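Descriptive analysis of the structure
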Amino acid sequence: MLDFLGYLKRTHMCGELRASDAGSKVVLMGWVNKRRDLGNLIFLDLRDRTGITQVVVTADSGAAHDKAADVRSEFVLAVIGHVKLRDQGTVNKNIATGEIEVVADAVRLLNDCKPLPFTPADTVLANEEVRLKHRYVDLRRPEMQRNIQLRHKVSIAIREFLNSQGFYEIETPFMTRSTPEGARDYLVPSRVYPGEFYALPQSPQIFKQILMISGFDKYFQIVRCFRDEDLRADRQPEFTQIDLEISFARPEMVFHVVEGFLKAAFSTIGVDLHTPFPQMSYDQAIRLYGIDKPDLRIPCMADVREAFAPANLETLHVDAELPIVAIVIPKVGDLSRKDRDEIKTMFGDRKDAKVFEDIKRLEKSFPEAAAKIRELAKPNAEDLLVVVAGNVLATAANAVTDPAHQTAVRQCQRAYEIYAAAGQLRLALAQKYAERHGAFKHGNFRFLWVTDFPMFEWDEAEGRWNAAHHPFTSPHEHDMDKLESDPGAVRALAYDVVLNGTELGSGSIRIHRQDIQAKIFKALGMSPEEQQARFGFFLEALQYGTPPHGGIALGLDRIVMILAGAESLREVIPFPKTAKAVDLMVDAPTPVSARQLKELGIAVVGKKDL
């Protein structure tokens, strides 16, 4: 029979009691983590979000013992008793309350629990679908409780730091207009205006810029955002970002603020970050790491083209105009022929590039080149050294079909592809031999600012330039004259903060002048009519005394995931979606009634008609 709580109040949390509390009368409330029945003695591990206390119910307690006899895992109890020191031989050093136990005088059964698909005490995890279906049980697990507590602490630390720096936290709308850029919008139909829609924000970008126009020169928000895109371990359709904007800002001002709140966030797990973070241009990142979010925990690549004489390159069928890149992975040791062949498999069957996976074999035919490669790449004796180069046959074939005026662009693109191919192989090898080099152990945090991104990227399919960052990013002041003559050479005042190969956040100095914003829209192929239709309100706002400003947005979910040492965002978000964007717990998305659709003026097209 279930009991009522009545006026009973708990005196302590389950994880708070210590040896100094011995003799105290206490009231604990929580869930039964485990139960052990020895007849005259029943042991209950009572759990709440702070930890576990062992409760002892003796046969002498009468009704309490009878009540405890019917208890099972995850029943909800209130226990009234007194704290007693454990015998020395029974101290549990694995829990904070291990020196004491609570001897129960009374037990109230506040609720029972039906048979569970899994329990928070299980040492082997249920599959993820079962966990997400019964998320309310999964969230009781100590690991999940710690992750959500960590998320709270990180959010508080960031808020306190930004408040100390004079920032206002200001909320921006969740229902706004659709301005599709990049990912697809989630649309919200309007009942009052049939056939018209709001959009859930992918970012508060325009609103935070309008706040700068409004005179709130330091804004931040820990804000929910929405993107209708394919999911990965580090993506969710709804996510939380730390969003901020500063008036009269230069990039260094934004860097200083971000480094400050990241330092505060990482202090929640006892890590003291060294600031300022190093900086690297986009071009440097591509040349040294083959990617714009470098992982600094493993050595950078080296261009070793100078190691080869022209005759060597001709013999090897390597394009002399493209980079030749050396990859060094520390402490790999000797590899078998099979291991070397696996490297070729990891590189893939590429037509544009080739890999030399065994420097010793290369050395037999080209000893001087191999010696120079070692001099330039600087590997230690136990390090793995691999070389990636452009395939001359692929280059020659492409050159035939390229119009003459595009040859330089194509060659630059092929150089990028060589760096990218080498960068992908570098990361794959580093992951494969992670246990040997140990660079990826949790707690090895290597931050970096990547700057000077390209302003535009060419869309081959559409035959036009797209904004590489977003269309409100300011071009580099020294590149303004190239906006029309050479868009591909224009650098953006954009920057990313990167940690261990993961982009934590992206930001930029914004365009604060209407004339420059119009030029950017024109470079992106927008007609004046399209500019007005999509961004007319914003272009008008820019004409009302807009200060120079800049900002950034960082993913809170990613930060907490890294701090927790988790493999997926779903481990640090209370109620996440699956990889197919489904909420298994509430069974969403679901169809809605015909009446609702009629009110909204919407007709649903069947899947077969899409």
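Before reading further, recall that the structure is shown in the block above.
Numbers given to residues run from 1 along each chain, matching the order in which its sequence is written. Given that this is a predicted model, residues contribute local features only at a pLDDT of at least 70 and side-chain atom pairs are listed and counted only at 80 or more, while totals for whole chains, interfaces and linings are drawn from all residues. Values shown for side chains rest on all heavy atoms present in the structure; no hydrogens or waters enter the calculation.

Attention now goes to the overall build of the protein. Counting from the N terminus, the helices are DSSP H or I runs at least four residues long and the strands are E runs at least two residues long. Per the secondary structure count, the protein includes 18 helices and 21 strands. When the backbone C-alpha atoms are referred to their principal axes, the protein occupies close to 95 × 70 × 55 Å. Only protein chains enter the accessibility calculation, which uses a 1.4 Å probe; a residue whose area is less than 20% of its type maximum is buried, one above 50% is exposed, and one in between is partly exposed. Put simply, the protein has 610 residues, and 47% of those count as buried. Two residues qualify as a contact provided that any one of their heavy atoms is within 4.5 Å of a heavy atom in the partner residue. For the protein, the proportion of contacts with a sequence separation of at least 24, taken over those separated by at least 6, is 68%. Only the protein chains shown count as covering a residue, and every accessible area follows the Shrake-Rupley method with a 1.4 Å probe. For the protein, the computed accessible surface area is about 31400 Å², with 52% contributed by carbon and sulfur atoms.

What follows covers the pattern of salt bridges. We define a salt bridge as a side-chain nitrogen of Lys or Arg found within 4 Å of a carboxyl oxygen belonging to Asp or Glu. As enumerated under the stated definition, the model contains 39 salt bridges in all. A salt bridge links Lys 263 to Asp 272; the shortest N-O distance between them is 2.7 Å. What makes Asp 272 exposed here is its relative accessible area of 64%. The salt bridge involving Lys 372 is made with Glu 375; its shortest N-O contact spans 3.4 Å. In this pair, Lys 372 and Glu 375 are both assigned in helix H11 (residues 367-377), three residues apart and thus about one turn of the helix distant.

For the rest of this paragraph, the subject is the nonpolar core. Counting residues in each nonpolar core, the largest one holds 48 residues, and the members touching the most others are Ile 327, Leu 384, Val 386, Val 388, Leu 425, Leu 429 and Ile 520. Looking at this core element by element, the count peaks at eight residues for helix H13 (residues 407-432). We define the nonpolar core as a collection of buried residues of types Ala, Val, Leu, Ile, Met, Phe, Trp, Tyr and Cys that are connected through side-chain atoms lying within 4.5 Å of one another. Judged by nonpolar contacts, the second largest core, of 45 residues, contains Ile 222, Ile 242, Leu 262 and Leu 563.

Right, let's get into the layout of surface pockets. Here the second largest pocket is characterised by a volume of approximately 1200 Å³. A cavity here means a set of 1 Å grid points, computed over protein atoms only, where a 1.4 Å probe fits but cannot escape. A pocket is an open set with protein on both sides within 12 Å along at least 5 of 7 lines, and lining residues have an atom within 4 Å of a point. Every residue lining the second largest pocket is counted, 27 residues in all, and those nearest its centre are Tyr 186, Leu 187, Asp 228, Pro 589 and Thr 590. No other element matches strand E7 (residues 186-189), which puts four residues into the lining of the second largest pocket. Grid points are joined across faces, edges and corners, and a volume is the space filled by probe spheres set on the points.

The next thing to look at is the sheet that holds strand E14 (residues 353-356). If you walk across this open sheet you meet the four strands as E12-E13-E15-E14, and the pairing is antiparallel. Each edge of the open sheet is held by one strand with a lone partner, namely strand E12 (302-303) and E14. Criterion used throughout: strands pair if DSSP finds at least two bridges between them. As judged from the six bridges shared by strand E13 (residues 324-329) and strand E15 (residues 384-390), these two strands associate in the antiparallel manner. Bridge assignment links Ile 329 to a residue of E15, and that residue is Leu 384. Lines fitted to C-alpha atoms define the axes here, with helix axes fitted over just the stretch in contact, and angles between the N-to-C directions of these axes take values from 0 to 180 degrees. Each of E14 and E15 touches helix H9 (residues 337-347); the most contacted strand, E15, lies at about 40° to it.

Let us now look at unusual backbone geometry. Cis geometry marks the peptide bond from Thr 275 to Pro 276; its omega dihedral reads 0°. Examined against the element boundaries, Pro 276 turns out to sit in the loop between helix H6 (251-266) and strand E11 (279-281). Even without glycine at this site, Lys 378 takes up a positive phi of about 55°. The class of Lys 378 is exposed, set by a relative accessible area of 63%.

In the contact formed by helix H15 (residues 514-523) and helix H16 (residues 528-541), the axes pass within 12 Å of each other and the chain directions differ by 160°. Between H15 and H16, the angle falls in the class roughly antiparallel. In this structure, H15 meets H16 at a crossing whose hand is right-handed. Across the interface between the two elements, Gln 514, Gln 517, Ala 518, Phe 521 and Lys 522 from H15 touch Gln 531, Phe 535, Phe 538 and Leu 539 from H16. For this scheme, ten residues count as nonpolar: Ala, Val, Leu, Ile, Met, Phe, Trp, Tyr, Cys and Pro. Four count as charged, namely Asp, Glu, Lys and Arg, and the remainder, Gly too, count as polar. Split by residue class, the contact of H15 with H16 holds five nonpolar, three polar and one charged. Here the word oblique covers every angle except those under 35 degrees (roughly parallel), over 145 (roughly antiparallel) and from 65 to 115 (roughly perpendicular). Here a crossing is taken to be left-handed if its near helix is turned anticlockwise relative to the far helix by less than a right angle, and right-handed if that turn runs clockwise.

Attention now moves to the packing of helix H5 (residues 205-213) against H16. Close contact between H5 and H16 brings their axes to 10 Å; oriented N to C, the two are set at 20°. Of the possible angle classes, the one that applies to H5 and H16 is roughly parallel. The crossing of H5 and H16 is left-handed. From H5, Ile 206, Gln 209, Ile 210 and Ile 213 reach across to H16, where they touch Phe 535, Phe 537, Phe 538 and Ala 541. Split into classes, the residues belonging to the contact of H5 with H16 amount to seven nonpolar, one polar and no charged.

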